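Now for the letters of each chain:
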Amino acid sequence: MNNPRVLSIQSHVVYGYVGNKCATFPLQLLGFDVDAINSVQLSNRPGYRVSQGQVLNEKDLDDLIEGIAANNLDTSYTHLLTGYVRNSSLLKAIEKVVCSLKRKNPNLIYVCDPVLGDNGRLYLPEDFVPIFRESIIPMADIIAPNQFELEILSEMKVDTLEKTLQAIDVLHNKGCKIIVISSATYSDSNTLTTVASHKDGSIEKRAMIEIPKLKATFAGTGDLFSALFLAWMSKSNDISIALENTVSTVYNVISRTIQHYNGNRDSSHNFDPKLMELKLIQSKDDIENPKILFKSEIL
């Protein structure tokens, strides 16, 4: 694809790497121009002792989109990526953005990371869920929920691979062509499972990768996953290739981040494991030229 350009609407932090801070650099390294609209702008992500900043509202988004459109700058977008949105009115406004951009470019690919929650807990009020189910999913070309979000959106308990595939079909039936589950874990397994499914006309393909669990968790990995999957699907148009590159890159970035913090434990720094940030800049080579650590299995 020549001159791919992404409009990315998600969170922004001054310090650290989540949301747009986590998506922009990898996309740029992989050849994408990125225009970012920040759904929230915070000093740092929640989890620190203090987190302060501003929240974008519906009028703010309308003003930005109208300004872009008034200069005919919205005709160049090949992709729209959305992530964390804090208020439901802004999520509804994103529906209008999708429609507007697809009128300008019918081939535009909309990638939605439906950031609702994780580990059995909603981050957002319940009124977000029906908006995603009834409006966003049917408009999206690719959605990238985690296991908990898949359960919420499909209204199914997902605790086996078979049930994961059944829940994926529920979302396919709502109109989304490609669904990629960023992470799932079943029973007491020591592995994480990622699954991608592509159903569109004559195309019907499913792939999965199992990876060993790393003994660390980091904010921003879902944002990184969605951005990378967007990039590699654009480059390959094959869920197997996209999944292998995405999963291997995320694994490499996390491994490099763990190495960085382990290497500094004897210094004067006193690290709180919950406040460790992904080392994206140090992982530049891993992002540009991912070493494929895990091959996908066709289901």
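Since this is a predicted model, take the numbers as computed values, not measurements. (Residues numbered from 1 in each chain as written. Predicted model: local features only at pLDDT ≥ 70, side-chain atom pairs only at ≥ 80, totals over all residues. Heavy atoms only, no water.)

Peer 1: Teacher, can you tell me more about the overall build of the chain here?
Peer 2: The number of helices and strands found in the chain is nine helices and twelve strands. For 299 residues, the compact-globule estimate of 2.2 N^0.38 gives 19 Å, and the C-alpha radius of gyration of the chain, at 18 Å, lies within 12% of that figure. As displayed, the chain offers around 13,900 Å² of accessible surface, 47% of which is attributable to carbon and sulfur atoms. Here the chain carries 30 positive and 35 negative side-chain charges, and the mean point of each set is 3 Å from the other. (Helix = DSSP H or I, 4+ residues; strand = E, 2+ residues; numbered from the N terminus. Rg over C-alpha atoms; globule rule 2.2 N^0.38 Å. Areas by Shrake-Rupley, 256 points an atom, 1.4 Å probe, with all protein chains shown as cover. Lys, Arg positive; Asp, Glu negative; His and termini not counted. Charge placed at Lys NZ, Arg CZ, Asp CG, Glu CD.)

Peer 1: Before we go on, may I ask you to explain the sheet that holds strand β3 (residues 53–55) in this structure?
Peer 2: In sheet architecture, strand pairing relies on hydrogen bonds along the backbone and comes in two forms, parallel and antiparallel. Strand order across the open sheet formed by ten strands is β3-β2-β1-β4-β5-β8-β9-β10-β11-β12, with mixed pairing between neighbours. Edge positions in the open sheet fall to β3 and β12 (297–298), since each of these has one partner strand only. Judged from the two bridges that link them, strand β5 (residues 109–112) and strand β8 (residues 142–143) form a sheet pairing that is parallel. Each bridged residue has a counterpart across the sheet, and for C112 the counterpart in β8 is I143. Where helix α2 (residues 58–70) meets the sheet, its contacts fall on β1 (5–13), β2 (33–42) and β3, and the angle it forms with β2 comes to roughly 160°. (Pairing = 2+ DSSP bridges. Contact = heavy atoms within 4.5 Å. Axes fitted to C-alpha atoms, helices over the stretch in contact; angles between N-to-C directions.)

Peer 1: Just to check I follow, could you spell out the pattern of salt bridges for this structure?
Peer 2: For the coordinates displayed, the defined rule picks out 18 salt bridges. The partner of R5 in a salt bridge is D33, and the shortest N-O contact between them spans 3.4 Å. Highlighted residues: R5 in strand β1 and D33 in strand β2, separated in sequence by 28 residues. Its relative accessible area of 25% is what places R5 among the partly exposed residues. Residues E204 and K199 are paired through a salt bridge, measuring 3.7 Å at the closest nitrogen-oxygen approach. Through salt bridges with shared partners, a single network forms among D169, K199, E204 and R206. (Salt bridge = Lys/Arg side-chain N within 4 Å of Asp/Glu carboxyl O. Buried < 20%, exposed > 50% of the residue type's maximum accessible area, 1.4 Å probe, protein only.)

Peer 1: Even after reading the chapter, I still don't get the packing of helix α1 (residues 20–29) against helix α7 (residues 221–236), so can you show me in this structure?
Peer 2: To characterise two packed helices, one gives the angle between the axes of the helices and the distance between these axes. Contact geometry of α1 with α7 gives a least axis separation of 8 Å together with a crossing angle of 30°. Comparing the axis directions of α1 and α7 gives the class roughly parallel. In terms of crossing hand, the pair formed by α1 and α7 is right-handed. Mapping the contact onto sequence places C22, A23, P26 and L27 in α1 and D223, L224, A227, L228, L230 and A231 in α7. A per-class count over the contact of α1 with α7 returns nine nonpolar, no polar and one charged. (Parallel < 35°, antiparallel > 145°, perpendicular 65-115°, else oblique. Left-handed = near helix turned anticlockwise from the far one by under 90°. Nonpolar A, V, L, I, M, F, W, Y, C, P; charged D, E, K, R; others polar.)

Peer 1: Would you mind going over the side chain of R133 with me for this structure?
Peer 2: Note on placement: R133 falls in helix α4 (residues 128–139). Only 3.4 Å separates the side chain of R133 from the backbone oxygen of L153, close enough to count as a polar contact. Setting aside anything within four residues of it in sequence, one finds R133 in contact with P138, I152, L153, E155 and K174. (Polar contact = N/O pair within 3.5 Å; in protein donor to acceptor, adjacent residues only side chain to side chain.)

Peer 1: Help me understand the packing of aromatic side chains, please; the structure alone is not making it clear to me.
Peer 2: What characterises a pair of aromatic rings is the spacing of the ring centres plus the angle enclosed by the ring planes. Following the criterion strictly, the structure yields three aromatic pairs and no others. Summarising the aromatic geometry, the rings of Y251 and F294 are spaced 5.0 Å apart at their centres and angled 80° between planes, so their arrangement reads as edge-to-face. Highlighted residues: Y251 in helix α8 (residues 239–263) and F294 in the loop between α9 (284–288) and β12, separated in sequence by 43 residues. The residues Y251 and F294 share a single accessibility class, namely buried. (Phe/Tyr/Trp six-rings, centres within 6.5 Å; stacked < 30°, edge-to-face > 60°.)

Peer 1: Is there a simple way to explain the pairing of β5 in this structure?
Peer 2: Taken residue by residue, a regular strand's side chains alternate between the two faces of the sheet. When strand β4 (residues 79–82) meets β5, the two strands line up parallel, connected through four bridges. Among the inter-strand pairings, T82 is bridged to a residue of β5, identified as C112.

Peer 1: I'm lost on the environment of E204 in this one. Help?
Peer 2: Along the chain, E204 falls in strand β11 (residues 203–212). Sequence separation between E204 and I292 is 88 residues; the distance between their C-alpha atoms is 24 Å. Contact partners of E204, with chain neighbours within four places excluded, come to H198 and K199.

Peer 1: Just checking my understanding: could you explain the nonpolar core for this structure?
Peer 2: Side chains of nonpolar character tend, in soluble globular proteins, to be buried together. Residues L7, L61 and Y110 are the most contacted members of the largest nonpolar core, which totals 53 residues. Listed in part, the 41 residues of the second largest apolar core include L30, I142, V247 and V253. (Core = buried A, V, L, I, M, F, W, Y, C linked by side-chain atoms within 4.5 Å.)

Peer 1: Before we go on, may I ask you to explain unusual backbone geometry in this structure?
Peer 2: Generally, phi is negative for residues other than glycine and the peptide bonds are trans, each holding for most cases. Even without a glycine there, the phi angle at N72 is positive, about 55°. Looking at where N72 falls in the secondary structure, it is placed in the loop between α2 and β4. The class for N72 is exposed, based on a relative accessible area of 53%. Even without a glycine there, the phi angle at N237 is positive, about 55°. Inspection of the secondary structure assignment puts N237 in the loop between α7 and α8.

Limitation: the analysis is restricted to geometry and does not speak to function.
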